[in-house]
Every structure is written in structure tokens, then in C-alpha cells.
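# Report on the structure
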Amino acid sequence: MALADYYEDLNAIFGEIKGLDSKSDKSKIEELLEDATEILGDVEINMASIKDPAKKKEAQEKYSMYKRKIQAEKRKTLLGPETEGNKGADMSGVAKSRQGLDKLNKAKDLLADTEEVGQKVLSDLAIQKEQIKRSTATMKETNKELSVAQKLANKMSRWWRA
């Protein structure tokens, strides 16, 4: 998939998010942001294959822009939109405290989820490292056996010619 296709998908996601209500459609927005994060991961992987420095720089700039956009949307979803009209208008101290506590709890849950994903990634990487080590050892052993077989074949070839 070309980077342009990924960017098109990201733009579609942000367009869809823009049409949603941040309060009533919060779970849908979070789901879309998760999809956008996955797509951005694919963009990052594909950027590694770009050889042209100018194109690579352009791709990195777009990657950074989309990453900031995702972070801003996540922040907006978590904390709510920051406008002059809703910054504490008609809220009692208790209500503000509860709202703040709710936001902190959501942030704590998000952090716990992120940590869980990180631990799973580390676990998967450890497994993959062991698989690569085993594959390398098998390859070396096979190369040794092939070398011995080649020597035997050469000796047999000389014996038949004689």
C-alpha cells in the first residue's frame, strides 16, 4: 500500500471524527483514533523503505503532522474541547472536582492499557528473538552439513573419474 493511500485513510478517519459529537460518540471516536494509530504505524514502517532523502523528509513531516493530530484528538476526547464558553461555566466546585477525577481515572486507565500493550510487545519481541536465534543456529548447522556433503561429493567424483 502506498503512503498516499495511508494518508487518504487517515484523512477519511479525521473527517469522520469531525462529524461526531465528542460526548455522545466518545467510544466511536476512540475506536477511530485507534485505527488511525495503527495506520500511522504502517506509515512508519513504510517510511523506512524510502531511499530518496527529499521524499523521506516529506514523509517524516506528514508522519509528524498526523501523529500530532492523533494526539490532539485523543487529548480532546479525554479532556473535552477547550473553548472559552465551556471553561467552567456554571459548574460548582464539587462538579468540577468530580469531572477532574473522572478525567484522571480515564487517563490512568489509558496509561494502564498502554503499559499492558507495551509489555505484550516486549514479550512478543523476546519470543521472536529466540526464534531468530534458533533459525540462525539451524542455518549454521545446515551450512556445516552442506560443506561436509560437498567434500564427500567431490571425493566421490574424483574416485569415479579415476
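I will try to describe carefully the structure that is included in this document. (Residues numbered from 1 in each chain as written. Predicted model: local features only at pLDDT ≥ 70, side-chain atom pairs only at ≥ 80, totals over all residues. Heavy atoms only, no water.)

### Regarding the side chain of Lys26
Following the sequence through the fold, Lys26 ends up in helix H2 (residues 26-47). Buried within the structure, Lys26 lacks any salt-bridge partner; Glu30 is the closest side chain of opposite charge, at an N-O distance of 5.1 Å. Polar side-chain contacts of Lys26 include one of 3.1 Å to the backbone oxygen of Thr77. Sequence-distant contacts of Lys26, defined by excluding residues within four places in its chain, comprise Asp21, Thr77, Leu78 and Lys106. (Helix = DSSP H or I, 4+ residues; strand = E, 2+ residues; numbered from the N terminus. Buried < 20%, exposed > 50% of the residue type's maximum accessible area, 1.4 Å probe, protein only. Lys, Arg positive; Asp, Glu negative; His and termini not counted. Salt bridge = Lys/Arg side-chain N within 4 Å of Asp/Glu carboxyl O. Polar contact = N/O pair within 3.5 Å; in protein donor to acceptor, adjacent residues only side chain to side chain. Contact = heavy atoms within 4.5 Å.)

### Topic: helix H1 (residues 3-18)
Within an α-helix, residues lying three or four positions from one another point in the same direction, as the helix has 3.6 residues per turn. Compared with an ideal rise of 1.5 Å per residue, which puts 16 residues at 22 Å, H1 spans 22 Å between its outermost C-alpha atoms and is within 8% of the ideal. The complete set of buried residues in H1 reads Leu3, Tyr6, Tyr7, Leu10, Ile13, Phe14 and Ile17. Along H1, the residues classed as buried sweep out an arc of 120° about the axis, all on the same side. In H1, the exposed positions angled more than 90 degrees off the buried face are occupied by Ala4 and Glu8. Next to the buried residues of H1 lie H2 and helix H3 (53-79). (Expected span 1.5 Å × (residues − 1). Arc of directions from axis to C-beta.)

### Focus on the nonpolar core
If you look at the biggest cluster of nonpolar residues, it comprises 20 residues, and the most contacted ones within it are Leu3, Tyr7, Leu10, Phe14, Ile17 and Val43. Broken down by secondary-structure element, the contributors of at least two residues to this core are H1, H2 and H3. The leading source of residues in this core is H2, at eight residues. Among residues more than four places away in sequence, those in contact with Ile17 are Ile29, Leu32, Leu33 and Glu73. (Core = buried A, V, L, I, M, F, W, Y, C linked by side-chain atoms within 4.5 Å.)

### A few points about the packing of H1 against H3
Viewed as axis vectors pointing N to C, H1 and H3 meet at an angle of 20°, and their least axial separation amounts to 12 Å. Here H3 runs roughly parallel to H1, going by the angle between their axes. Judged by the twist between their axes, the crossing of H1 over H3 is left-handed. Residue-level inspection shows Leu3, Tyr7, Leu10, Asn11, Phe14 and Ile17 of H1 in contact with H3, the latter providing Ala59, Lys62, Tyr66, Lys69, Ile70 and Glu73. Of the residues contributing to the contact of H1 with H3, the split by class is eight nonpolar, one polar and three charged. (Axes fitted to C-alpha atoms, helices over the stretch in contact; angles between N-to-C directions. Parallel < 35°, antiparallel > 145°, perpendicular 65-115°, else oblique. Left-handed = near helix turned anticlockwise from the far one by under 90°. Nonpolar A, V, L, I, M, F, W, Y, C, P; charged D, E, K, R; others polar.)

### A few points about the side chain of Glu73
As for its position among the elements, Glu73 is in helix H3. Buried and unpaired, Glu73 has Lys76 as its nearest opposite-charge partner, separated by 4.2 Å. Not counting chain neighbours up to four residues away, the residues in contact with Glu73 comprise Phe14, Ile17 and Leu33.

### Focus: the packing of aromatic side chains
Overall, the coordinates contain three aromatic pairs when judged by the stated rule. Here the aromatic rings of Tyr7 and Tyr66 are separated by 5.5 Å at their centres, their planes lie at 10°, and the arrangement is stacked. Of the two residues, Tyr7 is situated in helix H1 and Tyr66 in helix H3; the sequence distance between them amounts to 59 residues. Using a relative accessible area of 4% as the deciding quantity, one classes Tyr66 as buried. Their ring planes at 15° and their centres at 6.3 Å tell us that Phe14 and Tyr66 sit as a pair that is stacked. Taken together, the positions of Phe14 in helix H1 and Tyr66 in helix H3 put the pair 52 residues apart, joining distant regions of the chain. With respect to class, Phe14 is no different from Tyr66; both count as buried. One aromatic cluster is present, formed by Tyr7, Phe14 and Tyr66 through successive ring pairs. (Phe/Tyr/Trp six-rings, centres within 6.5 Å; stacked < 30°, edge-to-face > 60°.)

Just distances and angles here, no functional claims.
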